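Structural overview
One letter stands for each residue in the lines below.
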Amino acid sequence: MKCLAGIMIAVLIVTLYGCASIGPDYERPVIETDPQWAASSDVAFNTAQPEGIATWWSTLNDPMLNDLVERAFAANLDLATAVQRVRQSAAVRGISAGERFPDLDGTGSYSRERQGQNGFPAFPEPSEFDSFALGLEFGWELDVWGRVRRLVEAADADLAVTLEDLHDVRLILAAEVASEYVGLRTAQQRLGVARRNVEIQRQSLTLTTTRFENGAAPQLDVAQAQTNLANTEAELPSIEADVRDRTLRLAVLLGATPTALLDELSEIGEIPIPPETISVGIPADVLRRRPDVRGAERQLAAEVARIGVELGDLYPRLSLSGTLQFNSTNSASLMDADSLGFGIGPAFAWNIFDGGRVRNGVQAQEAAADIAATEYQSAVLNALESVESAMYRHARQIERTTALERASISAGQSADLSRQLYLEGRSDFQNVLDSERELFAAQDNLILSQSEVTTTYITMLRSLGGGWSPPEHERKSSDDTEE
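Quick summary incoming for the structure in this document. No experiment lies behind these values; they were computed from the predicted model shown. (Residues numbered from 1 in each chain as written. Predicted model: local features only at pLDDT ≥ 70, side-chain atom pairs only at ≥ 80, totals over all residues. Heavy atoms only, no water.)

1. Thoughts on the packing of helix 9 (residues 357-423) against helix 10 (residues 429-463)
Angle between the axes and distance between the axes are the two parameters that describe a pair of packed helices. Between helix 9 and helix 10, the least distance of the axes is 7 Å, while the angle of their chain directions is 160°. Viewed along their axes, helix 9 and helix 10 adopt a mutual orientation that is roughly antiparallel. The two elements helix 9 and helix 10 meet at a crossing, and its hand is left-handed. Split by residue class, the contact of helix 9 with helix 10 holds 17 nonpolar, 17 polar and seven charged. (Axes fitted to C-alpha atoms, helices over the stretch in contact; angles between N-to-C directions. Helix = DSSP H or I, 4+ residues; strand = E, 2+ residues; numbered from the N terminus. Parallel < 35°, antiparallel > 145°, perpendicular 65-115°, else oblique. Left-handed = near helix turned anticlockwise from the far one by under 90°. Nonpolar A, V, L, I, M, F, W, Y, C, P; charged D, E, K, R; others polar.)

2. Here we look at a nonpolar patch on the surface
Side chains of Leu104, Leu136, Leu324, Leu340 and Phe342 sit close together on the surface and give an oily, nonpolar patch of about 480 Å² of accessible area. Here Leu136 falls in the partly exposed class, since its relative accessible area comes to 38%. (Patch = residues over 30% accessible without salt bridge, like charges linked within 9 Å, V, L, I, M, F, W, Y side chains within 5 Å. Areas by Shrake-Rupley, 256 points an atom, 1.4 Å probe, with all protein chains shown as cover. Salt bridge = Lys/Arg side-chain N within 4 Å of Asp/Glu carboxyl O. Buried < 20%, exposed > 50% of the residue type's maximum accessible area, 1.4 Å probe, protein only.)

3. Structural notes on the nonpolar core
Residues Val177 and Met460 are the most contacted members of the largest nonpolar core, which totals 72 residues. For this core, the element with the highest residue contribution is helix 4 (residues 147-213), accounting for 16 residues. The residues touching Met460, leaving out its near neighbours within four places in the chain, are Phe45, Ile278, Val280, Ala390, Met391 and His394. Core analysis: the next-biggest nonpolar cluster, separate from the first, contains eight residues, Ile22, Ile307, Val362 and Ala369 among them. (Core = buried A, V, L, I, M, F, W, Y, C linked by side-chain atoms within 4.5 Å. Contact = heavy atoms within 4.5 Å.)

4. Focus: the pattern of salt bridges
All chains considered together, the criterion is met by 28 salt bridges. Close ionic contact of Arg147 with Glu99 constitutes a salt bridge, the shortest N to O distance being 3.6 Å. Remark: Glu99 occurs in the loop between helix 3 (77-98) and strand 2 (103-115) and Arg147 occurs in helix 4; sequence separation between them is 48 residues. Salt-bridge contacts for Arg202 lead to Glu233; the nearest nitrogen and oxygen are separated by 3.1 Å. In this pair, Arg202 sits in helix 4 while Glu233 sits in helix 5 (residues 219-233), placing the two residues 31 residues apart along the sequence. Taking relative accessible area as the criterion, Arg202 reaches 38% and is therefore assigned partly exposed. On the basis of relative accessible area, Glu233 is assigned to the partly exposed category, the value being 29%. Each of the salt bridges in this network shares a partner with another, and the network as a whole consists of Asp25, Arg150 and Glu153.

5. Quick word on the side chain of Thr454
Looking at where Thr454 falls in the secondary structure, it is placed in helix 10. Look past the residues within four positions of Thr454 in its chain and what remains in contact with it is Leu60, Val182, Ile271, Pro272, Ile273 and Pro274.

What follows is the structure, encoded as structure tokens:
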């Protein structure tokens, strides 16, 4: 009965204090944001909620890109590593959660013993006997102050951090595959332009050579044509190397050997074109969606919870332990009621003096929480900055491309006219050279600018948190909050 009374007292303690947890309760920081993006006044953007942002690369309408992204998600090694880290964190969380429950161990032993005649106490004659034991032992730390609950709370937040890291790796991977693919198509287009200009300049060389041989042009024209052609031909190797590098990089991003995509991507393709108008939502959406911001917030929650874990060492630890054991000198009677013995009772341990180690540990953890709070604020500001910058750059790059399109058309017309005037003897060859150089430069700059439009689009969608979606219950909760 006394043992039962002790157990009841322990249970009563847990009941009375089980809802209390030492340390500060975590409250999500409130971040003030602007109602809309400053760059959203540009005609390319609207503040509607982005649709399909989880698969934003599909808005570029390139089947090959869609396929490459999906293959990267299935086989990329960095993504696989992030998945394993989530598994590891989940297991560590399970270790922490296990501290809420008693430890129960099975015990058993057998020995053959002999008592000597000259021992103490003395026996009339030596005796031998067997000893059998079988039982259970348990120990349970009573989480009176909530130290273990804070430990589990921190582990839950740590697991959430690794999940957000996984989402962030997925987001970065999609953007990197798309960027490398755009870079590949850009290099292929530049190579095509360079080769076409080489052909134009070869025709000019043939023309000047013929005119020189007929005495209608000086040898200087031939030399200048040769120089112009050689300079343009010199551009080809570096562009070809860029094509190869982009292809090799894409293969590695897909978890394949570097040369795996050489044949598949050898055919020249167009640079993907983003939609003319883009839904960007509002700044508050980004904070709910971006994995790095969400991860920083969860890291803050974990550090706050660990303050309670550290504070728990300032209080006594209460525990309940006991044994249930069968002991007998005969295996046949081992499980009889008369062989049963047990013991149970509470205990406590309290660190009375430790040279200030525990209190300094608490202060260190409070500082860690302050650091995490600052890092969360920094993550928020950096996220908002990256979106504003990407939106503005995208809008300006569209304007630049429009101007370069006009320049390219004019350069083509100038090249045709200068060549015609040269044939008619109304202009010297220097005008032909200048117009051919300007044509090559204008066409090359136009391709690079078109590529930059798509690249800034990719950067913007990445900054907006595109590439994954928050859980459905979080999206509904956010919608309800806004209403």
